[in-house]
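# Structural overview for review
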Amino acid sequence: MRRLFPVPVRTSADSSAETSAGERETGARALEDRAAEDRALEDREWGLDELADAYAYPEPPHGPSGAFLRANMVSSLDGAAHHDGRSKPLSSDADMRIFGVLRGLADAVVVGAETVRLEGYRPARAREAFAERRAALGQAPAPAIAVVSASLDLDFSTPLFTEPLVPTIVITGAAAAAERIERARAAGAEVVFAAAGPSGRVDAAAVVTALAEFGHTRLLTEGGPTLLAQFAAAGVLDELCLALAPLVTAGAAKRIMDGAELGEPEQFTLDSVLEEAGFLFTRYRRIYQ
(Lines give C-alpha, C1' and ligand atoms only; values in the text may rest on other atoms or scores of the structure.)
Protein backbone atom coordinates (compact mmCIF):
# COMPACT_ATOMS: atom_id res chain seq x y z
CA MET A 1 0.00 0.00 0.00
CA ARG A 2 1.19 3.51 -0.73
CA ARG A 3 -0.20 6.97 -0.17
CA LEU A 4 -1.01 8.93 -3.32
CA PHE A 5 -2.62 11.94 -1.64
CA PRO A 6 -1.78 14.16 0.10
CA VAL A 7 1.75 14.06 -1.30
CA PRO A 8 4.36 15.49 1.12
CA VAL A 9 5.73 18.85 0.00
CA ARG A 10 9.25 19.52 1.17
CA THR A 11 10.32 23.12 1.39
CA SER A 12 13.71 24.75 1.61
CA ALA A 13 12.96 25.41 5.27
CA ASP A 14 13.18 21.65 5.83
CA SER A 15 16.74 21.54 4.49
CA SER A 16 17.93 24.55 6.49
CA ALA A 17 16.46 23.06 9.65
CA GLU A 18 18.41 19.87 9.03
CA THR A 19 21.74 21.60 8.51
CA SER A 20 21.57 24.50 10.96
CA ALA A 21 23.87 23.82 13.88
CA GLY A 22 21.85 26.17 16.05
CA GLU A 23 18.61 24.26 15.47
CA ARG A 24 19.63 20.62 15.87
CA GLU A 25 16.47 19.62 17.67
CA THR A 26 14.29 21.15 14.97
CA GLY A 27 16.45 19.46 12.34
CA ALA A 28 16.04 16.08 14.03
CA ARG A 29 12.30 16.50 14.05
CA ALA A 30 12.37 17.44 10.37
CA LEU A 31 14.36 14.29 9.57
CA GLU A 32 11.86 12.16 11.50
CA ASP A 33 8.97 13.80 9.65
CA ARG A 34 10.68 13.19 6.32
CA ALA A 35 11.29 9.54 7.19
CA ALA A 36 7.60 9.15 8.08
CA GLU A 37 6.62 10.78 4.78
CA ASP A 38 8.93 8.50 2.82
CA ARG A 39 7.52 5.49 4.62
CA ALA A 40 3.96 6.54 3.76
CA LEU A 41 4.88 6.66 0.08
CA GLU A 42 6.49 3.18 0.04
CA ASP A 43 4.55 0.36 -1.59
CA ARG A 44 4.26 -1.98 1.41
CA GLU A 45 1.67 -3.46 3.75
CA TRP A 46 0.64 -0.90 6.35
CA GLY A 47 0.28 -2.02 9.95
CA LEU A 48 -3.03 -1.76 11.78
CA ASP A 49 -1.81 1.06 14.04
CA GLU A 50 -0.67 3.03 11.00
CA LEU A 51 -4.02 2.57 9.28
CA ALA A 52 -5.85 3.47 12.51
CA ASP A 53 -3.90 6.73 12.70
CA ALA A 54 -4.68 7.46 9.05
CA TYR A 55 -8.42 6.91 9.59
CA ALA A 56 -8.77 8.38 13.09
CA TYR A 57 -12.01 10.20 13.84
CA PRO A 58 -11.80 13.93 14.52
CA GLU A 59 -11.78 14.80 18.21
CA PRO A 60 -14.30 15.58 19.44
CA PRO A 61 -16.15 13.44 16.88
CA HIS A 62 -19.12 15.76 16.50
CA GLY A 63 -20.56 16.91 13.21
CA PRO A 64 -23.60 19.20 13.09
CA SER A 65 -25.78 16.16 13.89
CA GLY A 66 -24.16 15.64 17.31
CA ALA A 67 -22.09 12.71 16.07
CA PHE A 68 -19.66 11.99 13.21
CA LEU A 69 -21.09 9.60 10.62
CA ARG A 70 -18.62 7.91 8.30
CA ALA A 71 -19.60 5.56 5.46
CA ASN A 72 -17.45 2.75 4.11
CA MET A 73 -18.40 1.43 0.68
CA VAL A 74 -16.80 -0.33 -2.29
CA SER A 75 -17.59 0.24 -5.95
CA SER A 76 -16.54 -1.31 -9.25
CA LEU A 77 -15.10 0.91 -11.99
CA ASP A 78 -18.52 0.99 -13.66
CA GLY A 79 -20.31 2.03 -10.47
CA ALA A 80 -21.67 -1.25 -9.08
CA ALA A 81 -21.99 -1.48 -5.29
CA HIS A 82 -22.23 -5.26 -5.38
CA HIS A 83 -21.99 -8.29 -7.64
CA ASP A 84 -24.58 -11.06 -7.47
CA GLY A 85 -26.11 -9.32 -4.46
CA ARG A 86 -22.97 -9.13 -2.31
CA SER A 87 -20.09 -6.68 -1.93
CA LYS A 88 -17.43 -9.35 -1.23
CA PRO A 89 -16.70 -10.11 -4.93
CA LEU A 90 -15.57 -6.47 -5.28
CA SER A 91 -13.30 -6.55 -2.22
CA SER A 92 -9.62 -7.38 -1.64
CA ASP A 93 -7.29 -8.19 1.25
CA ALA A 94 -6.40 -4.51 1.64
CA ASP A 95 -10.07 -3.54 1.53
CA MET A 96 -10.83 -6.04 4.30
CA ARG A 97 -7.96 -4.69 6.44
CA ILE A 98 -9.36 -1.17 6.14
CA PHE A 99 -12.87 -2.55 6.78
CA GLY A 100 -11.59 -4.05 10.04
CA VAL A 101 -9.76 -0.88 11.06
CA LEU A 102 -12.82 1.31 10.49
CA ARG A 103 -14.86 -1.04 12.67
CA GLY A 104 -12.10 -1.01 15.27
CA LEU A 105 -12.40 2.78 15.55
CA ALA A 106 -16.20 3.06 15.67
CA ASP A 107 -18.60 3.21 18.61
CA ALA A 108 -21.36 1.68 16.50
CA VAL A 109 -21.75 0.21 13.01
CA VAL A 110 -25.06 1.25 11.40
CA VAL A 111 -26.47 -1.02 8.71
CA GLY A 112 -29.76 -1.57 6.90
CA ALA A 113 -31.83 -4.71 7.46
CA GLU A 114 -31.54 -5.86 3.82
CA THR A 115 -27.76 -5.70 4.00
CA VAL A 116 -27.84 -7.70 7.25
CA ARG A 117 -29.84 -10.40 5.50
CA LEU A 118 -27.82 -10.46 2.25
CA GLU A 119 -24.37 -10.26 3.81
CA GLY A 120 -25.08 -12.59 6.76
CA TYR A 121 -24.02 -10.07 9.40
CA ARG A 122 -22.45 -11.29 12.62
CA PRO A 123 -21.51 -9.38 15.80
CA ALA A 124 -18.37 -7.24 15.75
CA ARG A 125 -15.54 -8.86 17.70
CA ALA A 126 -13.03 -7.39 20.08
CA ARG A 127 -9.55 -7.13 18.56
CA GLU A 128 -6.44 -6.88 20.66
CA ALA A 129 -4.87 -4.47 18.16
CA PHE A 130 -7.46 -1.82 19.07
CA ALA A 131 -7.99 -2.61 22.76
CA GLU A 132 -5.68 0.08 24.17
CA ARG A 133 -6.92 2.73 21.74
CA ARG A 134 -10.58 1.95 22.53
CA ALA A 135 -10.01 1.89 26.28
CA ALA A 136 -8.30 5.29 26.17
CA LEU A 137 -11.40 6.74 24.44
CA GLY A 138 -13.82 5.07 26.86
CA GLN A 139 -15.22 2.79 24.15
CA ALA A 140 -16.62 -0.71 24.63
CA PRO A 141 -14.29 -3.58 23.61
CA ALA A 142 -16.11 -3.83 20.25
CA PRO A 143 -18.55 -1.62 18.36
CA ALA A 144 -22.27 -2.25 18.65
CA ILE A 145 -24.07 -3.27 15.47
CA ALA A 146 -27.11 -1.01 14.94
CA VAL A 147 -29.64 -2.43 12.47
CA VAL A 148 -32.12 -0.01 10.87
CA SER A 149 -35.44 -1.70 10.12
CA ALA A 150 -38.91 -0.15 9.97
CA SER A 151 -40.63 -3.57 10.01
CA LEU A 152 -38.20 -5.46 12.30
CA ASP A 153 -38.41 -8.36 9.84
CA LEU A 154 -35.23 -9.90 11.24
CA ASP A 155 -34.11 -13.35 12.35
CA PHE A 156 -33.50 -12.90 16.07
CA SER A 157 -32.06 -16.42 16.40
CA THR A 158 -28.89 -15.56 14.45
CA PRO A 159 -25.51 -14.91 16.13
CA LEU A 160 -25.94 -11.17 15.53
CA PHE A 161 -28.53 -11.24 18.32
CA THR A 162 -27.59 -14.33 20.33
CA GLU A 163 -23.79 -13.93 20.54
CA PRO A 164 -22.85 -10.22 20.58
CA LEU A 165 -20.10 -8.97 22.86
CA VAL A 166 -21.98 -5.66 22.95
CA PRO A 167 -25.80 -5.83 22.68
CA THR A 168 -27.08 -5.35 19.14
CA ILE A 169 -29.25 -2.26 18.62
CA VAL A 170 -32.34 -2.31 16.41
CA ILE A 171 -33.60 1.08 15.24
CA THR A 172 -37.20 1.15 14.10
CA GLY A 173 -40.29 3.33 13.69
CA ALA A 174 -43.90 3.35 14.79
CA ALA A 175 -44.94 0.78 12.15
CA ALA A 176 -43.07 -2.10 13.80
CA ALA A 177 -45.36 -4.83 15.14
CA ALA A 178 -45.47 -5.13 18.93
CA GLU A 179 -44.72 -8.85 18.67
CA ARG A 180 -41.47 -8.19 16.79
CA ILE A 181 -40.45 -5.50 19.26
CA GLU A 182 -40.89 -8.01 22.08
CA ARG A 183 -38.97 -10.68 20.16
CA ALA A 184 -36.11 -8.23 19.65
CA ARG A 185 -36.00 -7.39 23.35
CA ALA A 186 -36.28 -11.05 24.34
CA ALA A 187 -33.22 -11.75 22.17
CA GLY A 188 -31.28 -9.14 24.16
CA ALA A 189 -31.37 -6.35 21.57
CA GLU A 190 -31.70 -2.68 22.49
CA VAL A 191 -34.75 -1.25 20.70
CA VAL A 192 -34.54 2.39 19.65
CA PHE A 193 -37.35 4.35 18.00
CA ALA A 194 -36.49 6.92 15.33
CA ALA A 195 -39.78 7.50 13.56
CA ALA A 196 -40.66 10.13 10.96
CA GLY A 197 -44.24 11.22 11.59
CA PRO A 198 -47.36 9.04 11.36
CA SER A 199 -46.00 6.94 8.46
CA GLY A 200 -43.90 4.94 10.90
CA ARG A 201 -40.86 5.08 8.65
CA VAL A 202 -37.43 5.46 10.19
CA ASP A 203 -35.98 8.97 9.94
CA ALA A 204 -32.30 8.93 8.96
CA ALA A 205 -31.40 12.09 10.89
CA ALA A 206 -33.16 10.72 13.99
CA VAL A 207 -31.03 7.55 13.75
CA VAL A 208 -27.86 9.58 14.23
CA THR A 209 -29.37 11.66 17.02
CA ALA A 210 -30.63 8.57 18.85
CA LEU A 211 -27.24 6.85 18.69
CA ALA A 212 -25.51 10.01 19.90
CA GLU A 213 -27.85 10.02 22.91
CA PHE A 214 -26.63 6.47 23.61
CA GLY A 215 -23.09 7.88 23.69
CA HIS A 216 -22.24 6.53 20.23
CA THR A 217 -20.71 9.55 18.49
CA ARG A 218 -18.14 7.78 16.28
CA LEU A 219 -20.48 6.18 13.79
CA LEU A 220 -19.72 3.96 10.80
CA THR A 221 -22.31 2.92 8.24
CA GLU A 222 -21.69 0.08 5.81
CA GLY A 223 -24.90 0.72 3.88
CA GLY A 224 -26.56 -0.65 2.02
CA PRO A 225 -27.16 1.77 -0.82
CA THR A 226 -30.71 2.64 0.24
CA LEU A 227 -29.75 3.53 3.82
CA LEU A 228 -26.69 5.48 2.65
CA ALA A 229 -28.84 7.53 0.26
CA GLN A 230 -31.19 8.32 3.15
CA PHE A 231 -28.30 9.54 5.30
CA ALA A 232 -27.07 11.72 2.44
CA ALA A 233 -30.56 13.14 1.83
CA ALA A 234 -30.90 13.93 5.56
CA GLY A 235 -27.62 15.88 5.50
CA VAL A 236 -25.96 13.79 8.22
CA LEU A 237 -23.22 12.04 6.23
CA ASP A 238 -19.93 13.58 7.34
CA GLU A 239 -17.41 11.38 5.54
CA LEU A 240 -17.28 8.81 2.74
CA CYS A 241 -14.55 6.18 2.61
CA LEU A 242 -14.92 4.76 -0.89
CA ALA A 243 -12.83 1.87 -2.22
CA LEU A 244 -12.67 1.83 -6.01
CA ALA A 245 -12.07 -1.72 -7.23
CA PRO A 246 -10.23 -2.29 -10.57
CA LEU A 247 -13.15 -4.41 -11.76
CA VAL A 248 -16.12 -4.04 -14.11
CA THR A 249 -19.37 -5.93 -13.64
CA ALA A 250 -21.93 -4.44 -16.09
CA GLY A 251 -25.44 -5.59 -15.16
CA ALA A 252 -27.97 -3.59 -13.17
CA ALA A 253 -26.38 -3.53 -9.70
CA LYS A 254 -27.18 -0.53 -7.51
CA ARG A 255 -24.77 2.37 -7.08
CA ILE A 256 -23.39 2.97 -3.59
CA MET A 257 -26.38 5.28 -3.00
CA ASP A 258 -29.80 4.30 -4.23
CA GLY A 259 -32.55 6.80 -3.48
CA ALA A 260 -34.27 9.99 -4.52
CA GLU A 261 -32.16 12.66 -6.19
CA LEU A 262 -30.97 15.39 -3.82
CA GLY A 263 -32.32 18.88 -4.39
CA GLU A 264 -28.74 20.15 -4.57
CA PRO A 265 -25.60 17.98 -4.74
CA GLU A 266 -23.70 17.80 -1.44
CA GLN A 267 -20.09 18.94 -1.68
CA PHE A 268 -17.21 16.85 -0.35
CA THR A 269 -13.45 17.46 -0.38
CA LEU A 270 -10.76 14.84 -0.98
CA ASP A 271 -8.92 14.07 2.25
CA SER A 272 -6.67 11.15 1.29
CA VAL A 273 -6.00 8.41 -1.30
CA LEU A 274 -4.23 5.11 -0.64
CA GLU A 275 -3.47 2.51 -3.33
CA GLU A 276 -2.80 -1.22 -3.29
CA ALA A 277 -2.94 -3.72 -6.16
CA GLY A 278 -4.92 -1.29 -8.29
CA PHE A 279 -7.52 -0.56 -5.61
CA LEU A 280 -7.92 3.10 -4.68
CA PHE A 281 -8.98 3.79 -1.09
CA THR A 282 -10.36 7.31 -1.04
CA ARG A 283 -11.59 9.40 1.87
CA TYR A 284 -13.86 12.40 1.33
CA ARG A 285 -15.02 14.88 3.98
CA ARG A 286 -18.23 16.84 3.64
CA ILE A 287 -17.93 20.60 3.14
CA TYR A 288 -20.32 22.42 5.45
CA GLN A 289 -21.79 25.62 4.04
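Reading the values: the criteria
- Residues numbered from 1 in each chain as written.
- Predicted model: local features only at pLDDT ≥ 70, side-chain atom pairs only at ≥ 80, totals over all residues.
- Heavy atoms only, no water.
- Core = buried A, V, L, I, M, F, W, Y, C linked by side-chain atoms within 4.5 Å.
- Buried < 20%, exposed > 50% of the residue type's maximum accessible area, 1.4 Å probe, protein only.
- Helix = DSSP H or I, 4+ residues; strand = E, 2+ residues; numbered from the N terminus.
- Contact = heavy atoms within 4.5 Å.
- Polar contact = N/O pair within 3.5 Å; in protein donor to acceptor, adjacent residues only side chain to side chain.
- Pairing = 2+ DSSP bridges.
- Axes fitted to C-alpha atoms, helices over the stretch in contact; angles between N-to-C directions.
- Salt bridge = Lys/Arg side-chain N within 4 Å of Asp/Glu carboxyl O.
- pLDDT = per-residue confidence, 0-100.
- Phe/Tyr/Trp six-rings, centres within 6.5 Å; stacked < 30°, edge-to-face > 60°.
- Lys NZ or Arg CZ within 6 Å of the ring centre and 35° of its normal.

### Section: the nonpolar core
- With 43 residues, the main nonpolar core has Tyr55, Val147, Val170 and Phe281 as its most contacted residues.
- If one sorts the elements of this core by residue count, helix 4 (residues 93-105) sits on top with five residues.
- When near neighbours in sequence (up to four residues on either side) are disregarded, Phe281 contacts Met1, Tyr55, Ser92, Ala94, Asp95, Ile98, Leu242, Ala243, Ser272, Val273, Leu274 and Glu276.
- Counting residues in each nonpolar core, the second largest holds 31 residues, with Leu69, Ala108, Leu219 and Leu240 among its members.

### Structural notes on helix 9 (residues 204-213)
- Of all the positions in helix 9, only Ala204, Val207, Val208, Ala210, Leu211 and Ala212 are classed as buried.
- Capping the start of helix 9 is the job of one residue whose side-chain oxygen sits 3.3 Å from the backbone nitrogen of Ala205: Asp203.
- A positive phi of about 95 degrees marks Gly215, the residue just after helix 9.

### Some thoughts on the sheet that holds strand 2 (residues 68-75)
- Pairing within the open sheet is mixed, and its ten strands lie in the order 1-9-10-8-2-7-3-4-5-6. Single-partner strands in this sheet number two, and they are strand 1 (2-5) and strand 6 (190-193). This sheet shows a mean twist of 25 degrees between the axes of neighbouring strands, independent of strand direction.
- Here strand 3 (residues 108-112) runs beside strand 4 (residues 144-148); their pairing, made up of five bridges, is parallel. Each residue of the ladder has a partner; that of Ala108, found in strand 4, is Ala144.
- Lying on the sheet, helix 4 is in contact with strand 2, strand 3, strand 4, strand 7 (218-221), strand 8 (239-244), strand 9 (268-276) and strand 10 (279-286); it crosses strand 2 at an angle near 165 degrees.
- The strands that helix 8 (residues 178-186) touches are strand 5 (169-172) and strand 6; relative to strand 6, the one it contacts most, it runs at about 140 degrees.

### Focus: the pattern of salt bridges
- Taken as a whole and assessed by the stated rule, the structure comprises 18 salt bridges.
- With a shortest N-O distance of 2.3 Å, Glu239 and Arg285 are connected by a salt bridge. Here the residue Glu239 occupies a position in strand 8, and Arg285 occupies one in strand 10, the gap between them amounting to 46 residues.
- Arg285 sits in the partly exposed class, given a relative accessible area of 22%.
- We note a salt bridge from Arg283 to Asp271, for which the minimum N-O separation is 3.8 Å. Here Arg283, found in strand 10, pairs with Asp271, found in strand 9; they are twelve residues apart in sequence, far enough to count as distant.
- Taking the relative accessible area as the measure of exposure, Arg283 reaches 3% and is therefore buried.
- Bridged by salt links that share partners, the residues Arg70, Glu239, Asp271, Arg283 and Arg285 form one connected network.

### Topic: the confidence of the model for the chain
- Scored by pLDDT, the chain comes out at a mean of 89, with 88% of its residues at no less than 70.
- Counting interchain partners and residues more than four positions distant, the pLDDT-below-50 stretch residues 13-19 has twelve contacts.

### So, the packing of aromatic side chains
- One pass over the full model with this rule turns up three aromatic pairs.
- Between Arg70 and the ring centre of Tyr57, over which it is positioned, the NZ or CZ distance is 4.2 Å.

### Here's the deal with unusual backbone geometry
- Note the cis peptide between Phe5 and Pro6, where omega equals -5 degrees.
- Along the chain, the position of Pro6 falls in the loop between strand 1 and helix 1 (12-19).
- In this model, Gly223 is joined to Gly224 through a cis peptide bond whose omega is 5 degrees.
- Here Gly224 lies in the loop between strand 7 and helix 10 (225-234).
- With phi around 55 degrees, Ala250 is a residue other than glycine that occupies positive phi space.
- Of note, Ala250 is situated in the loop between strand 8 and strand 9.
- The exposed category is assigned to Ala250, whose relative accessible area is 53%.
- The backbone of Ala277 shows a phi angle near 55 degrees, a positive value even though the residue is not glycine.
- Residue placement: Ala277 occurs in the loop between strand 9 and strand 10.
- The exposure class of Ala277 is exposed, given its relative accessible area of 67%.

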